[in-house]
Amino acid sequence: MPRKLNFYPGPAVLPLAALERAKADFVDYHGMGLSLVETSHRSKEYEEVHNATIGLIRELLGVPASYKVLLLSGGATLQFAMVPMNLLSGSCDIALTGSWAEKAVEDARKFGKVNLVFDGAPSKFTTLPARIVPTPGASYLHITSNETIGGVQWQDFPETGAVPLIADMSSDILSRPVPVERFGLIYAGAQKNIGPAGVTVVIIREDVLEHCSDKVPAYLSYRLHAEHNSLYNTPPVFSVYLMRLVLEWIKEQGGAAAFAEANEKKAAALYRVIDESGGFYRSPVDKPYRSRMNVVFRLPTEELEKDFVKETEAAGMIGLKGHRSVGGIRASIYNAMPLSGVERLADFMRDFAAKHA
Ligand code: PMP
């Protein structure tokens, strides 16, 4: 069976080289006579994988020495709770930019007051603020660097002064370089750009770590995980292993800067078709904030959108249906989606518009 062109929003396309390598290594890991998933997380074999993975994240993102890198479970969803449980005392600031920020708001409200420093709901989450003013005394300011459902992406990050900046980078981590030193904490579920589901990366500055509450249960404590190099309990060993292979591939391809360039080209190819379609395709997102990861667009009718999805599937392209909460079409074009794949979709879009306009 030839591999499909995979536009799923996550879990999402991974580099074939990493999948093949995992397959070759699976049953007998490096001649050990057993697989890595059968091996103690205290073994030297797993320890090597664990530390190499953390090292690659540090290297590829340029994480300064004053930050810890943690590998946790529970998805980015657990971070919606862990961030306020550890760090919210009094109030925090959140930029409400879409469905994922909304979830961060809902959980934070269980632990304190949330100041919405931006409310994108009236615009139906199609834009971002040009400027944000943090609330003096807020525990932190939280943004979602890329809204996977709405298709809006921060191209630049707000200056927050003394208020630590926290970002959910689940859907664009390592798709471009980011100034890690401007953040107090970054978190990202792996299953879009850097690996399979099951492992979540947390990058936390040491002074932020020191402010963490010590009244949270063991698993929910950043400090505890940091003190144990994310080996307090059993880590998701296979997810970490596969993430390591994807990170090695990212490094071989030239790292975050190379992907920034490639991802910009890929996204531009699709937005060009949308903008040149004479209104057949419509992007709801304000141009400066259009996502380079999730290209969201509408067709003239829902009927045509259904046909579009059906015909793309017949042509070997999968995962283009928009999120059930917003409808429309969404092309998720993470790191492992090649330009040639995006060009195939762009050609299909031109043909489809010519046939139905
Ligand atoms: N934040 C963002 C930006 C996401 O895209 C997602 C998942 N699509 C989540 C959070 C939730 O992640 P998880 O399902 O891993 O908990």
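Residues numbered from 1 in each chain as written. Predicted model: local features only at pLDDT ≥ 70, side-chain atom pairs only at ≥ 80, totals over all residues. Heavy atoms only, no water.

1. Describing the overall build of the protein
- If you tally the helices and strands in the protein, you get ten helices and 13 strands.
- Expected size for 357 residues packed as a compact globule is a radius of gyration near 21 Å; at 21 Å, the protein falls within 12% of this value.
- Each of the three principal axes of the protein carries a C-alpha extent, and together these read 60 × 55 × 30 Å.
- Looking at the protein as a whole, 58% of its 357 residues qualify as buried.
- Within the protein, counting contacts between residues at least 6 apart in sequence, those at least 24 apart form 67% of the total.
- Taken as a whole, the protein presents about 15,200 Å² of accessible surface, with 54% of it coming from carbon and sulfur. (Helix = DSSP H or I, 4+ residues; strand = E, 2+ residues; numbered from the N terminus. Rg over C-alpha atoms; globule rule 2.2 N^0.38 Å. Buried < 20%, exposed > 50% of the residue type's maximum accessible area, 1.4 Å probe, protein only. Contact = heavy atoms within 4.5 Å. Areas by Shrake-Rupley, 256 points an atom, 1.4 Å probe, with all protein chains shown as cover.)

2. Remarks on the environment of Ser291
- Inspection of the secondary structure assignment puts Ser291 in the loop between helix 8 (255-275) and strand 11 (294-297).
- You can call Ser291 buried: its relative accessible area is 0%.
- Those residues in contact with Ser291 that lie beyond four places of it in its chain are Asn146, Gly151, Val152, Gln153, Ala267 and Tyr271.
- Of the polar contacts made by the side chain of Ser291, one reaches the backbone nitrogen of Met293; its length is 2.9 Å. (Polar contact = N/O pair within 3.5 Å; in protein donor to acceptor, adjacent residues only side chain to side chain.)

3. Describing the sheet that holds strand 5 (residues 141-144)
- Read across the sheet, seven strands follow the order 2-10-9-8-5-3-4 without closing on themselves; strand pairing throughout is mixed. The open sheet is flanked by strand 2 (67-72) and strand 4 (113-119), the only strands paired with a single partner. Taken over all neighbouring pairs, the strand axes of this sheet differ in orientation by 20° on average, direction set aside.
- Pairing analysis gives six bridges linking strand 2 to strand 10 (residues 200-205), with the strands arranged antiparallel. Paired with Leu72 across the bridge in strand 10 is Thr200. (Pairing = 2+ DSSP bridges. Axes fitted to C-alpha atoms, helices over the stretch in contact; angles between N-to-C directions.)

4. Regarding the domain arrangement of the protein
- Structurally, the protein comprises domain 1 (16-252) and domain 2 (255-356).
- Computed over C-alpha atoms only, the centres of domain 1 and domain 2 are separated by 27 Å.
- The partner domain 2 presents 24 residues to the 26 residues of domain 1 that form the contact.
- Where domain 1 touches domain 2, the interface holds zero salt bridges.
- Summed over the shared surface of domain 1 and domain 2, the result is 14 residue pairs in polar contact (both at pLDDT 80 or more).
- If you list the elements that add at least two residues to the side of domain 1 that touches domain 2, you get strand 6 (146-147), strand 7 (152-153) and helix 7 (237-252). (Domains from an automatic or database assignment. Salt bridge = Lys/Arg side-chain N within 4 Å of Asp/Glu carboxyl O.)

5. As for helix 10 (residues 339-356)
- Taking 1.5 Å as the rise per residue, helix 10 with 18 residues should run 26 Å; its terminal C-alpha atoms sit 26 Å apart, in good agreement.
- For helix 10, the complete set of buried residues consists of Gly341, Val342, Leu345, Ala346, Phe348, Met349, Phe352 and Ala353. The arc enclosing the buried residues of helix 10, seen along the axis, measures out at 165°, which places them on a common side. Turned more than 90 degrees from where helix 10 packs its buried face, Ser340, Asp351, Ala354 and Lys355 sit exposed.
- Those residues of helix 10 that are buried lie in contact with strand 1 (5-6), helix 8, strand 11, helix 9 (302-314), strand 12 (317-318) and strand 13 (329-332). (Expected span 1.5 Å × (residues − 1). Arc of directions from axis to C-beta.)

6. Here we look at unusual backbone geometry
- That bond from Gly10 to Pro11 is cis: its omega, -5°, falls within 30 degrees of zero.
- Considering the arrangement of structural elements, one finds Pro11 in the loop between strand 1 and helix 1 (16-26).
- The backbone phi angle of His30 is positive, close to 50°, even though this residue is not glycine.
- Assignment of secondary structure puts His30 in the loop between helix 1 and helix 2 (44-61).
- The backbone of Leu174 shows a phi angle near 65°, a positive value even though the residue is not glycine.
- With respect to the helices and strands, the residue Leu174 is situated in the loop between strand 8 (165-168) and strand 9 (185-189).

7. Some points on the pattern of salt bridges
- A full pass over the atoms with the stated rule returns 15 salt bridges.
- Residue Arg205 is joined to Asp207 by a salt bridge in which the shortest nitrogen-to-oxygen separation is 2.6 Å.
- A relative accessible area of 36% means that Asp207 is categorised as partly exposed.
- The shortest N-O distance in the salt bridge between Arg298 and Glu305 comes to 2.8 Å.
- Assessed through its relative accessible area of 6%, Glu305 is described here as buried.
- Here the residues in one salt-bridge network are Glu48, Arg244 and Glu248, joined through shared partners.

8. Topic: the site of the ligand
- Neighbouring the ligand are 13 residues; Thr77, Thr148, Asp168, Gln191 and Lys192 lie closest to it.
- Separating an oxygen atom of the ligand from a side-chain N or O atom of Trp100 is a distance of 3.5 Å.
- For the ligand, a nitrogen atom lies 2.6 Å from a polar atom in the side chain of Asp168.
- It is helix 3 (residues 75-87) that provides the largest number of residues to the shell around the ligand, a total of four residues.
- Residue classes in the shell around the ligand are distributed as three nonpolar, eight polar and two charged. (Near = heavy atom within 4 Å. Nonpolar A, V, L, I, M, F, W, Y, C, P; charged D, E, K, R; others polar.)

9. Overview of the packing of aromatic side chains
- Counted by the stated rule, this structure contains 15 aromatic pairs.
- Ring plane angle 50° and centroid distance 5.9 Å describe the contact between Phe238 and Tyr241, whose orientation is recorded as tilted. Note that Phe238 and Tyr241 are positioned in helix 7 at a spacing of three residues, about one turn of the helix.
- Residues Phe308 and Phe348 carry aromatic rings whose centres are separated by 5.4 Å and whose planes lie at 80° to one another, so their mutual orientation is edge-to-face. (Phe/Tyr/Trp six-rings, centres within 6.5 Å; stacked < 30°, edge-to-face > 60°.)

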